[in-house]
Structures are given as C-alpha cells and as structure tokens.
Amino acid sequence: MVKNTRYEFSTRLQNWVGSNLKIRINNNRSTMVHVRKDEGKITNVSLHRMFIRAPKTIQKALAHFIRRDKAVISPSVQAFIDKNIAQLDHSHLLDEICTKGSTYNLKTLYNRVNRRYFNSQMKLRITWYGDPHVKFRTKCTFGLYYDMVKLVKIHRLLDNPQIPAYVVEYVIYHEMLHALYPAYVDENGRNCIHSREFKEMERNFREFEHAQNWLKIHRINFFAPQRVYSNGRTQQMGKHQASKR
Ligand SMILES: [Zn+2]
C-alpha cells in the first residue's frame, strides 16, 4: 500500500492520462469511476477517494481505463473496488437503532414483510432515521440499505398516519431485496443497483401497483410542498449504500 496525498495522486494520474483533465474525488457509493468527455476529449473524471491510497499498479491500470486504452475496467481495478467497498466501516450505524415511531413500529412492519415474502428467513436490522420535520423534503431518501451491517433505514417522513402502511411496507420490502440482490460494479465502473432479477422480485409485492401509484401521486403534494426547493431531483427510494460485497 502506498500512502498518497490527494494532490500527488491527481498529479500522477494527470501525467499518466496525458491530458489536462479535471479530477474530482468523491465519497459516494454510486460512482467509482466516471469519465466525462467533450467532443471526444476527456475533460472530467470523477473517482472514489479509495483510489488515492491505491497501489501504483492499480492507479496505472485506472489511468489506462480512463484513457480508454482498454474498453473495460481491468480485473485488478475491479478487485480493488470490490475489496474496498467491502471494507468501508459502517459499524457506527448500529449505534442509534430505533424502531418505534409515533405511527408505525418498524419492527412490526418488518416482521410482517419478512413472514409474507421471505418465510421469516431474512435476518436484518431496521431503524428509523432522519428528521420528520425536514424542510428539504425533495432531497429525502425513503429507504437505505447497508449490507455490511445488514441494516435497513427508513426515513421518519414515512412515520405519518397519512401514509398507508402498505406504502411503508413496500419501501421496507424494496430495501430488503437489496440484501438478496447485492449491487455490483459493472465493467464501466458503475455501481449497478437494481438488477433485472431485483425488479422482477419487486413486482411480487402484493400492493406493488398501489404503492407505486400512491408514491407517484403524493410525491409532489406531500413530500415536496415547497416548490422553491424543487431542483429537478426526484426522490430516491434508496441510495443503497455499501450493498456491494
Ligand atoms: Zn433500491
């Protein structure tokens, strides 16, 4: 393992790629490597910060991929990504587990979903998270799944008597499916979150259409009443962090 500063890393990568590209370092789980081109010329590269401390051989392979000497990401870079995603520490997430809400008890809903769709075989944790009075509702994520700690998180916005239980259960079900169908990094370095199998399984939810329709109808007037904050982003059910193993 080579210790690199962010600056040294960026400079080295620029030299290897051989163009005056802008390098952005991110810490999100959905983008490992993203290359942006303008008229065929590479202008921007967004990279997960894990690459800063990658061995030089990995960084060099990464540079090859960015230059598109190779169409697919090399197995060594792929293995590095897989290993590092698996090692990100999420144990702090277990500190504040809370299932009791003012309207819904998550444990009760989770158990029902587990019984109905998984024969009670799923062994996950579940917790509420977030502020129910959050102002920037459009930026809220309903549910998240953290595979490393087998934890489902549901936003407290859903702990509301105006929201039908089947909608909350649908969000829980969706997040539980992430435990069965882990995301994977494809040959382009993208984190693929909802596979075809995942989407097929999702349709097994009994009130699938109802829940989808409910969310579609209420998303605007319930979750985003203040249009001024609407920035074109849609609510995501989950960002599904660290679901890669
Ligand atoms: Zn999802």
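Rules of the game
Residues numbered from 1 in each chain as written. Predicted model: local features only at pLDDT ≥ 70, side-chain atom pairs only at ≥ 80, totals over all residues. Heavy atoms only, no water. Pairing = 2+ DSSP bridges. Helix = DSSP H or I, 4+ residues; strand = E, 2+ residues; numbered from the N terminus. Axes fitted to C-alpha atoms, helices over the stretch in contact; angles between N-to-C directions. Contact = heavy atoms within 4.5 Å. Expected span 1.5 Å × (residues − 1). Phe/Tyr/Trp six-rings, centres within 6.5 Å; stacked < 30°, edge-to-face > 60°. Buried < 20%, exposed > 50% of the residue type's maximum accessible area, 1.4 Å probe, protein only. Polar contact = N/O pair within 3.5 Å; in protein donor to acceptor, adjacent residues only side chain to side chain.

Engineer: Even after reading the chapter, I still don't get the sheet that holds strand S3 (residues 41–48), so can you show me in this structure?
Structural biologist: Strand pairing in a sheet relies on backbone hydrogen bonds, with the paired strands running either antiparallel or parallel. Here we have three strands laid out as an open sheet, ordered S1-S3-S2, and mixed in their pairing. Strands at the two margins of the open sheet, each flanked by one partner only, are strand S1 (22–26) and strand S2 (33–38). Within this sheet the neighbouring strands show an average axis-to-axis angle of 20°, counted without direction. As paired strands, S1 and S3 are joined by five bridges and run parallel to one another. Counted as the bridge partner of Arg 24 is Ser 46 from S3. Relative to S1, helix H1 (residues 6–17) is tilted by about 135°, and along the sheet it contacts S1 and S3. Across the face of the sheet, helix H2 (residues 56–67) comes into contact with S2 and S3 while running at roughly 140° to S3.

Engineer: How do you make sense of H1 when you look at a structure like this?
Structural biologist: Helical geometry: 3.6 residues make up each α-helical turn, so side chains three or four residues apart lie on a common side. The terminal C-alpha atoms of H1 lie 16 Å apart, and with 12 residues this matches the ideal 16 Å at 1.5 Å per residue to within 8%. Looking at the buried positions of H1, the neighbouring elements they touch are S1, S3 and H2. Phi turns positive one or two residues past the end of H1, at Gly 18, with a value near 75°.

Engineer: What is the right way to read the sheet that holds strand S4 (residues 125–129) from this model?
Structural biologist: The three strands lie next to each other as S4-S6-S5, forming an open sheet whose pairing is mixed. Edge positions in the open sheet fall to S4 and strand S5 (143–146), since each of these has one partner strand only. Across this sheet, the average inter-strand angle for adjacent strands is 20°, counted without regard to direction. Inspection of the sheet shows S4 paired to strand S6 (residues 151–155) by five bridges, in the parallel sense. When the bridges of S6 are listed, Trp 128 appears paired with Ile 154. Those strands touched by helix H4 (residues 106–118) are S4 and S6, and its axis lies near 140° from that of S4.

Engineer: Mind showing me how you'd approach the packing of aromatic side chains here?
Structural biologist: Going through the model one piece at a time under the given rule, you end up with eight aromatic pairs. Ring plane angle 45° and centroid distance 4.7 Å describe the contact between Tyr 117 and Tyr 173, whose orientation is recorded as tilted. Of this pair, Tyr 117 sits in helix H4 while Tyr 173 sits in helix H5 (residues 165–180), and the two are 56 residues apart along the sequence. Residue classification places Tyr 117 among the buried positions, given a relative accessible area of 18%.

Engineer: Help me understand the side chain of Ser 46 in this model?
Structural biologist: By the secondary structure assignment, Ser 46 is in strand S3. By relative accessible area, which is 10% here, Ser 46 ends up buried. A distance of 3.0 Å separates the side chain of Ser 46 from the side chain of Asn 26, its partner in a polar contact. The contact partners of Ser 46, leaving out residues within four places of it in the chain, are Arg 24, Asn 26, Thr 31, Met 32, Val 33 and His 34.

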